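# Architecture at a glance
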Amino acid sequence: MEDLTDEFKYMATSLFIAFKALLMNETPVACILVNKSTGKIISIGYNYTNASLNGTKHAEFIAVKRLMENDHQINFQDIIMYVTVEPCIMCASFLRQLGINQVIYGCSNDRFGGNGTVLSIHNDKKLIGNTYKSIGGIMRTEAIQLLRNFYIQENESAPVPKVKKNKDIENKLYPPNIFNVNELEFTDYYGLIRKEEIYNQSDKEITPIIGHGYKVSNLVNLQYLKDIPYLEQDMGVVDDEQVNEFFDLFYDIDDNGQVQFSSKIRTYNSKKRHLNDDE
């Protein structure tokens, strides 16, 4: 697949939903469910573990629960999930039992990843149920950057909030870009040219069009995000200020797939509920 413009648009949508979760003091992980035949977004989900005090309220569970409440005759083979972070082992097992068609994720989950990083729940043939395809790497640096913005915040609900010492996330390098698939699986989804240029180059990122960089602001806009089903209903009004603050969190990616650390970004400050300049 040479043109990944739609895939990046879907992932940017999930990232914005994750940003809205960050505004709610939730871990910024989110997903969308897309009907692969129509290309329409049919459900959204986001982490809701803090407010609910329920460790199972992960984005994947919320998106599927919402869909099943509105459609009791779902063929999950018709559905692709775009999620900002690799599903944990619990969610990977859940998605396998549902029989989902495919999961596309942003960054790997180094501690709990169930789609290849820690365990390969999605394609382990020793387990019951059908396997499903899964691949990561689309907008992984943006997914990581959202998580970094969350983890530098202090817990305002704690009796004595722990002071975070390392809050400097500007110019901080990203982990190597290592894919949890073999070369054949990588080529099947991303194409031969990307396999030759990126698969073994851990400092390069996937881009929507081969040989062309991108900015997050080129992928989605205000009206598109306002039209996402359930978004404003669940998470409040989407306005220009929020969308621009979202765009300002991320570095540009150049034509060679390199992160442009020279481009200016900002960081989120939960105490002030707005972004601070990285100066």
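Everything below is about the structure shown above.
These lines cover the structure that appears in this document, whether it is placed above or below. (Residues numbered from 1 in each chain as written. Predicted model: local features only at pLDDT ≥ 70, side-chain atom pairs only at ≥ 80, totals over all residues. Heavy atoms only, no water.)

## Here's the deal with the pattern of salt bridges
Within the structure shown, the criterion is met by 8 salt bridges. A salt bridge links D234 to R66; the nearest nitrogen and oxygen atoms lie 2.7 Å apart. Pair noted here: D234 is in helix α9 (residues 231-235) and R66 is in helix α3 (residues 59-70), with a separation of 168 residues, a long-range link. The salt bridge involving D188 is made with K133; its shortest N-O contact spans 3.8 Å. Of the two residues, D188 is situated in helix α6 (residues 183-190) and K133 in strand β5 (residues 133-136); the sequence distance between them amounts to 55 residues. Exposure remark for K133: the relative accessible area of 53% places this residue in the exposed category. (Salt bridge = Lys/Arg side-chain N within 4 Å of Asp/Glu carboxyl O. Helix = DSSP H or I, 4+ residues; strand = E, 2+ residues; numbered from the N terminus. Buried < 20%, exposed > 50% of the residue type's maximum accessible area, 1.4 Å probe, protein only.)

## Thoughts on the pairing of strand β1 (residues 30-35)
Of all 6 residues in β1, 5 are buried; the element is thus mostly enclosed. Sheet analysis places β1 next to strand β2 (residues 41-46), joined by 5 bridges and oriented antiparallel. Note on β2: the bridge partner recorded for C31 is G45. If you look at the hairpin formed by β1 and β2, you'll find 5 residues sitting between the two strands, and G39 has a positive phi there, around 75°. Examined bridge by bridge, β1 and strand β3 (residues 79-85) share 5 bridges and lie antiparallel to one another. Note on β3: the bridge partner recorded for N35 is I79. (Pairing = 2+ DSSP bridges.)

## What to know about the side chain of N109
You can see N109 is positioned in the loop between β4 (102-107) and β5. Residue N109 is classed as buried on the basis of its relative accessible area, which comes to 14%. Engagement of the side chain of N109 in a polar contact is seen with the backbone nitrogen of F112, the distance being 3.0 Å. (Polar contact = N/O pair within 3.5 Å; in protein donor to acceptor, adjacent residues only side chain to side chain.)

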